[in-house]
Amino acid sequence: MTSLAGTGTLLRLAWRRDRWIVVASVLALVATAYGSMAATLDLYPSDAAAASGASAMVDNPSLTALYGPLPSATVAGIGVLKTVMMGSLATAFLAFALVRRHTRSEEEDGRLELLAAGVVGRRAPLAAAFALASLTVLATGLLSALSLLATGVDAVGSFALGAVEVVAGLVMTGVTAVAVQLTSTTRGAGGIAIGVLGLAFVIRATADTATGAGQDLAWLSFLGWAEKVSPYGANRLWLVVPAVVATALLLAVADALLHRRDLGSGLWAARPGPARGAARLGTPYGLAWRLQRGSLLGWTIGYAVLGLVIGNIASSVDQIADSPDVEEMLRKMSGGQGSLLDAFFGTELRFLAVGAAAYGIATALRLRSEENAGRGEIVLATPVSRWRWLASHLVIAGAGSVWLLAVVGVAAGVAAGSVSTTGVAELLPAALATAPAVLVCVGLTLLLFGLVPRLSTAAWAVLAEFVVLGEFGALLSLPGWALGLSPFDHLGSLPGGDPNAAGLVGLLVVAALVAAVGATAFRRRDLAT
Amino acid sequence: MAPVIEAVGLTKKFGTTTALDGLDLTVHEGEVHGFLGPNGAGKSTTIRVLLGLLRTDGGTVTLLGRDPWADATELHRQLAYVPGDVVLWPNLTGGEVIDLLGRLRGGIDEGRRAELLEAFELDPTKKGRSYSKGNRQKVALVAAFASDVPLLVLDEPTSGLDPLMEKVFQEHLARVRAEGRTVLLSSHILSEVETAADRVSIVRAGRIVDSGTLADLRHLTRTSISASLARPLAGSEAGGWPGVDSAREDRDRIVLSVETSAVGDVLQRLGAHGIEALTCQPPTLEELFLSQYRDTLTDPAPREEVPA
Ligand SMILES: Nc1ncnc2c1ncn2[C@@H]1O[C@H](COP(=O)(O)OP(=O)(O)OP(=O)(O)O)[C@@H](O)[C@H]1O
Ligand SMILES: [Mg+2]
């Protein structure tokens, strides 16, 4: 098959370029799986001791919405609760990033053209990208399983956890393979693939918190399949089979699409556009808005849906979470004050704040990609000062992420207001109160961009670090100062509790400071060429 | 009158690479200044310094009498820049980019815009990602030519253009010159700036090796003539003709390097030997450097290429 010629060469090339990031990501995933299991084993010496802890989790709606149902009321079951969904999401994201990077990004940058003119077959780039991503996924699953085995827990369950990650990662590989055929831009492909991942998450979160037949909806989502593997519980390892079948089908679709399009273009042809620039486009802000509005629209829709879903769960919170243990646990997760419902919303909003920070980081990183591509140079050679250019993207990153928080606050408030006593008046301020932590993340991105532009994308690692501190820090009994490194640790306990105004002001000051240092450094450095 | 561009002893290092090594450049008002050099010589780096996009490590530079690093924003009101490798926004059309750049520069000449679009045969409704390299170049050129600014900085503007479009470019360049505007035009092809430039500076390994009017640099513009003759001619004999710089025999052909002014004479002399086939071509810059500067330069070692 000559259309596959050169796959091996491309795979080696891809591995050479990405080996460190792949190894680091896989190890981080394995370490979190191992770490949370080991810490849980320390916490509960026996399954009997775990029973009371488990009872607080079984019917906890906010846990269920975020992490899925507790696989089993055993120590090991508690030990993998977070790993199941967070590991699935992270593995899926890694698979997505690898496939997209070695197919659509390469094509967009024109590098594949160089290759396609040589001895590389038409299918080779996709095949190589798929091979790299699926091998990474398999390695993640296998190593996670082995690391859990090392803690002395049940073997079948450990391999089931590996299977969870494999299911999520493999299917996402296929989803991305299709997405990159559809549009001709990296960004567009990312929007489609991440949109599908988000939809899969919302479907399973809705299904898991539903009662009765609604729960079966989870089977529509590949993240639902991953969670239904249920390690240390039902141990449905066989779910790998439908995942492999689905991946094969998606690859076949991607392959068919590949043969229907030209190199460099997507299946959806680029349509002609206006011959004249609209008046708005005449300033750096107009340009930045034009470049960023599509992604903000997508995120806004996603956050509105998530807000409605979460607000809707409010109706059942009181019914499902009726044990004092659950209440206690929820309080702890959300900062400790207010009613049960307040605690539920507090937890969910913190989770959504991390998402808004991801939006802010991605948007601020546009500065770097514009600079790198040479488009920054074109604009900065006109009478646009470096400050104005910086500000044009930064305003959208900052205001856009606050806007998303407002959207989710209002959407959740509207949905919850119709079924409970908590409404927009409580949830909008609570959502907005997480903004300072989000802005710190945006500021840190700018700091990296100004001081060490080559490492700008390390902003993602910083956010991942904050998430790990928040999710696993307490479990790993890290000291308070270490937990306090994450800006999300300084949020108050809204709704219903203390907003921690001093902490919020402190975060805003930090955000402003790091942003100012980053902007000043950018003004003083060479533009990358 | 003060020069529009004046750089003295510019140095710029990227890590261990020395991109500019004491470069001097003077461009006077109203002239088209050819900035010539082989790949990696430091042309783009010089231009980026002039635009205030890069800091220098040493030397002084003024643009329109001001410091390009400190007064970048103010200075950019008075110039238009076309980068060597034009990258456009994938989802903006060419027309939108032209208007955007025009407005950022403070206005665009509408009549000229339409005229240029037609002359360059550019479809302004296409999105950035669907333009070829040459067409991306045209978008930036139209935006630059349609702006009413006194200084144009063009970095290898014709590198992606076909010969027909190159001619259109030369026409518009001539018009810009007639209007008294100043142009800095970089290239690595001598013949390209030959027609348009008033003065030329030649850069190699980050340093100016020669600078002057084209007449001053005539000695550089030797033509290479290769002929196969009916009656054989010894290289040593032809080498002695006036205006012939060097001559050698290459199998059944004779290859001469001739001063441009002497081409006619030499052809006549060759004719006496019965010309069967003949090619004449201007020398490439690299050939010039090899013949002209091999001995005079202390550090001509080729440096590593980094795509700029
Ligand atoms: N950002 C950078 N980092 C490291 N080295 C660089 C950088 N930019 C340029 N260089 C090096 O500086 C030297 C001059 O490069 P420059 O781009 O100015 O050459 P040029 O004359 O424009 O060449 P070309 O005709 O190929 O465009 C080259 O050796 C190049 O490798
Ligand atoms: Mg160059």
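On a predicted model such as this, the values are computed, not experimentally measured, just so you know.

Draft legend 1. Quick look at the overall build of chain A. For chain A, the count of helices and strands is 21 helices and 0 strands. In summary, chain A has a C-alpha radius of gyration of 23 Å against a globular reference of 24 Å for 529 residues, a match within 12%. Taking the principal axes of its C-alpha atoms as reference, chain A extends roughly 65 × 55 × 40 Å. Here chain A, with 529 residues, has 54% of them falling under the buried criterion. For chain A, the accessible surface area stands at approximately 21000 Å², while carbon and sulfur atoms represent 68% of it.

Draft legend 2. Layout of the overall build of chain B. Helix and strand counts for chain B stand at 10 helices and 13 strands. The burial tally for chain B puts 51% of its 308 residues in the buried class. Here the analysis covers contacts within chain B between residues at least 6 apart in sequence; of these, 67% occur between residues at least 24 apart. Carbon and sulfur atoms provide 49% of the accessible area of chain B, an area that totals close to 13200 Å².

Draft legend 3. The arrangement of the confidence of the model for chain A in detail. Considering every residue of chain A, the mean pLDDT works out to 88; 91% of them sit at 70 or more. Looking across chain A, the model is least confident in helix H5 (residues 111-116) of chain A, with a mean pLDDT of 61, and most confident in helix H18 (residues 435-451) of chain A, with 97.

Draft legend 4. How the structure looks around the site of ligand 1. Taken together, 15 residues sit near ligand 1, with Gly-40, Lys-43, Ser-44, Thr-45 and Glu-156 of chain B positioned nearest. In this structure, ligand 1 sits where chains A and B come together, each supplying nearby residues. At 2.7 Å from an oxygen atom of ligand 1 is found a side-chain nitrogen or oxygen belonging to Glu-156 of chain B. Contact with the protein chains covers 86% of the free accessible surface of ligand 1, which is 640 Å². A per-element tally of the shell around ligand 1 places helix H1 (residues 43-50) of chain B first, with 3 residues. Per-class residue counts for the shell around ligand 1 are 6 nonpolar, 6 polar and 3 charged.

Draft legend 5. Spotlight on the interface of chain B and chain A. Taken together, the 38 residues of chain B in the interface contact 39 residues of chain A. Looking only at chain B, the three residues that lose the most surface to chain A are Leu-53, Trp-89 and Leu-104 of chain B, adding up to 20% of its buried area. Taken together, chain B and chain A are joined by 5 salt bridges. The partner of Glu-96 of chain B in a salt bridge is Arg-290 of chain A, and the shortest N-O contact between them spans 2.7 Å. Where chain B touches chain A, the interface holds 23 residue pairs in polar contact (both at pLDDT 80 or more). Secondary structure elements with two or more residues in the side of chain B that touches chain A: helix H2 (72-76), strand E5 (79-82), helix H3 (94-104) and helix H4 (110-119) of chain B. Counting residues per element, the side of chain B that touches chain A draws most heavily on H3 of chain B, which supplies 7 residues.

Draft legend 6. Representation of the domain arrangement of chain A in the model. Taken domain by domain, chain A comprises domain 1 (1-269) and domain 2 (281-529). Centre-to-centre, using C-alpha coordinates, domain 1 of chain A lies 24 Å away from domain 2 of chain A.

Draft legend 7. Layout of the packing of helix H5 (residues 133-145) of chain B against helix H6 (residues 163-178) of chain B. Residues and elements named next belong to chain B. Taken N-terminus to C-terminus, the directions of H5 and H6 make an angle of 15 degrees; their axes are 12 Å apart at the nearest point. Between H5 and H6, the interaxial angle falls into the category roughly parallel. Seen from above, H5 lies across H6 with left-handed handedness. Packed against H5, whose contacting residues are Lys-138, Leu-141 and Phe-145, the element H6 presents Met-165, Phe-169, His-172, Leu-173 and Val-176 at the interface.

Draft legend 8. The pattern of salt bridges, seen in detail. For the coordinates displayed, the defined rule picks out 24 salt bridges over all chains. We note a salt bridge from Asp-208 of chain A to Arg-204 of chain A, for which the minimum N-O separation is 3.1 Å. Here the residue Asp-208 of chain A and the residue Arg-204 of chain A both occupy positions in helix H8 (residues 186-209), the gap between them amounting to 4 residues, near one helical turn. Owing to a relative accessible area of 11%, Asp-208 of chain A belongs among the buried residues under this scheme. Here Arg-276 of chain A and Asp-99 of chain B are joined by a salt bridge, their closest N and O atoms 2.8 Å apart. Here Arg-276 of chain A is found in the loop between helix H10 (240-258) and helix H11 (284-320), whereas its partner Asp-99 of chain B is found in helix H3 on a different chain. Judged by its relative accessible area of 36%, Arg-276 of chain A falls in the partly exposed class. When salt bridges that share partners are traced, they join Arg-276 of chain A together with Asp-99, Glu-110 and Arg-113 of chain B into one network.

Draft legend 9. Molecular detail of the domain arrangement of chain B. Splitting chain B by domain gives domain 1 (5-78 + 150-215), domain 2 (90-145) and domain 3 (222-282). Centre-to-centre separation of domain 1 of chain B and domain 3 of chain B, based on C-alpha positions: 36 Å.

Draft legend 10. The arrangement of the environment of His-28 of chain B in detail. Residues and elements named next belong to chain B. With respect to the helices and strands, the residue His-28 is situated in the loop between strand E2 (17-27) and strand E3 (32-36). Separated by 36 residues in sequence, His-28 and Leu-64 have C-alpha atoms that sit 9.8 Å apart. Excluding residues that lie within four positions of it along the chain, His-28 makes contacts with Pro-3, Val-4, Thr-182 and Arg-199.

Draft legend 11. A look at the packing of helix H7 (residues 155-182) of chain A against H8 of chain A. All names here are of chain A. Running from N to C, H7 and H8 cross one another at 145 degrees; their axes reach a closest spacing of 8 Å. The hand of the H7/H8 crossing is right-handed. Between H7 and H8, the contacting residues are Met-172, Val-175, Thr-176, Ala-179, Val-180 and Leu-182 on the first element and Ala-189, Ile-192, Ala-193, Ile-194, Val-196 and Leu-197 on the second. Looking at the contact of H7 with H8 residue by residue, the classes come out as 11 nonpolar, 1 polar and no charged.

Draft legend 12. Spatial organisation of unusual backbone geometry. One non-glycine residue with positive phi stands out, namely Ser-230 of chain A, at about 55 degrees. Looking at the element boundaries, Ser-230 of chain A is found in the loop between helix H9 (222-228) and H10. Positive phi, normally seen in glycine, also occurs at Glu-121 of chain B, with a value near 50 degrees. Classification of Glu-121 of chain B by relative accessible area gives exposed; the value is 57%.

The rules behind these values
- Residues numbered from 1 in each chain as written.
- Chains lettered and ligands numbered in written order.
- Predicted model: local features only at pLDDT ≥ 70, side-chain atom pairs only at ≥ 80, totals over all residues.
- Heavy atoms only, no water.
- Helix = DSSP H or I, 4+ residues; strand = E, 2+ residues; numbered from the N terminus.
- Rg over C-alpha atoms; globule rule 2.2 N^0.38 Å.
- Buried < 20%, exposed > 50% of the residue type's maximum accessible area, 1.4 Å probe, protein only.
- Areas by Shrake-Rupley, 256 points an atom, 1.4 Å probe, with all protein chains shown as cover.
- Contact = heavy atoms within 4.5 Å.
- pLDDT = per-residue confidence, 0-100.
- Near = heavy atom within 4 Å.
- Polar contact = N/O pair within 3.5 Å; in protein donor to acceptor, adjacent residues only side chain to side chain.
- Nonpolar A, V, L, I, M, F, W, Y, C, P; charged D, E, K, R; others polar.
- Buried area = accessible area lost by both parts, 1.4 Å probe.
- Salt bridge = Lys/Arg side-chain N within 4 Å of Asp/Glu carboxyl O.
- Domains from an automatic or database assignment.
- Axes fitted to C-alpha atoms, helices over the stretch in contact; angles between N-to-C directions.
- Parallel < 35°, antiparallel > 145°, perpendicular 65-115°, else oblique.
- Left-handed = near helix turned anticlockwise from the far one by under 90°.

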